Amino acid sequence: MLRTYADQRARRLGITRAQWAVMARLEHAEGLKQSELAEMLDLQPITLTRLVDRLCANGMIERRPDPNDRRAKRLHLTPLARPLMDRLAELGQDMMGTVLEGFDLATIERMIGELARTKENLKTAIARKPAEKTAAAA
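Calculation rules
Residues numbered from 1 in each chain as written. Predicted model: local features only at pLDDT ≥ 70, side-chain atom pairs only at ≥ 80, totals over all residues. Heavy atoms only, no water. Salt bridge = Lys/Arg side-chain N within 4 Å of Asp/Glu carboxyl O. Helix = DSSP H or I, 4+ residues; strand = E, 2+ residues; numbered from the N terminus. Buried < 20%, exposed > 50% of the residue type's maximum accessible area, 1.4 Å probe, protein only. Pairing = 2+ DSSP bridges. Core = buried A, V, L, I, M, F, W, Y, C linked by side-chain atoms within 4.5 Å.

1. Looking at the pattern of salt bridges
Then, number 1: Summed over all chains, the structure comprises 10 salt bridges.
Then, number 2: Residue D94 is joined to R9 by a salt bridge in which the shortest nitrogen-to-oxygen separation is 2.8 Å. In this pair, D94 sits in helix α5 (residues 81–99) while R9 sits in helix α1 (residues 2–11), placing the two residues 85 residues apart along the sequence.
Then, number 3: Residue D94 is classed as partly exposed on the basis of its relative accessible area, which comes to 38%.
Then, number 4: With a shortest N-O distance of 2.7 Å, E62 and R64 are connected by a salt bridge.
Then, number 5: A cluster of three or more residues bridged by salt bridges with shared partners is formed by E36, D66 and R74.

And the structure:
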């Protein structure tokens with residue numbers, strides 16, 4: 001439901017939730033390669049390529065040559081994207097205010113802690129899987 005809500009709200013600014021996610025990640029870590037960004041966002045490379053192509057065509061991001069690898073390109077937000085990023089930050093704050101309305105700070109902090117614990121449990125399970133396969137093969 002949060003994804004649907006974010007899609008509705010982002011659409012009013014002329015972008016998709018997926019484009020928002022790409023731009024937000026780049027805002028926090030400019031200069032990523034597309035392969036790095038695809039992994040961070042858990043997207044297939046072809047899916048990310050389409051998103052990046054669209055954002056480049058709209059003047060929001062640009063591909064720059066990697067100074068250490070002639071074959072690679074690094075992704076950067078353009079100056080045109082900065083005002084949109086400010087509006088998206090406000091939108092995100094407004095959305096979270098709506099979603100968390102009626103919850104006190106202690107409850108919100110507890111929920112965040114519980115979600116962080118589930119994330120750690122998943123990381124542990126993912127890391128354990130290759131070790132279990134190796135042990136089973138032996």
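From this point, the narrative continues.
2. Overview of the sheet that holds strand β2 (residues 61–66)
Then, number 1: Reading across the sheet, the three strands line up as β1-β3-β2 and stay open at both edges, with antiparallel pairing between neighbours. The sheet is open, and its two borders are formed by β1 (32–33) and β2, each paired with just one other strand.
Then, number 2: As defined by bridge partners, β1 adjoins strand β3 (residues 69–77) across two bridges and the pair is classed as antiparallel. In the sheet register, K33 faces β3, and the bridge partner there is R74.

3. A closer look at the nonpolar core
Then, number 1: Ranked by size, the top nonpolar core spans 25 residues in total, and within it W20, V22, M23, L26 and L37 carry the most contacts.
Then, number 2: Residue assignment for this core shows that the elements contributing at least two residues are α1, α2 (17–28), α3 (34–41), α4 (45–57), β3 and α5.
Then, number 3: Looking at this core element by element, the count peaks at six residues for α5.

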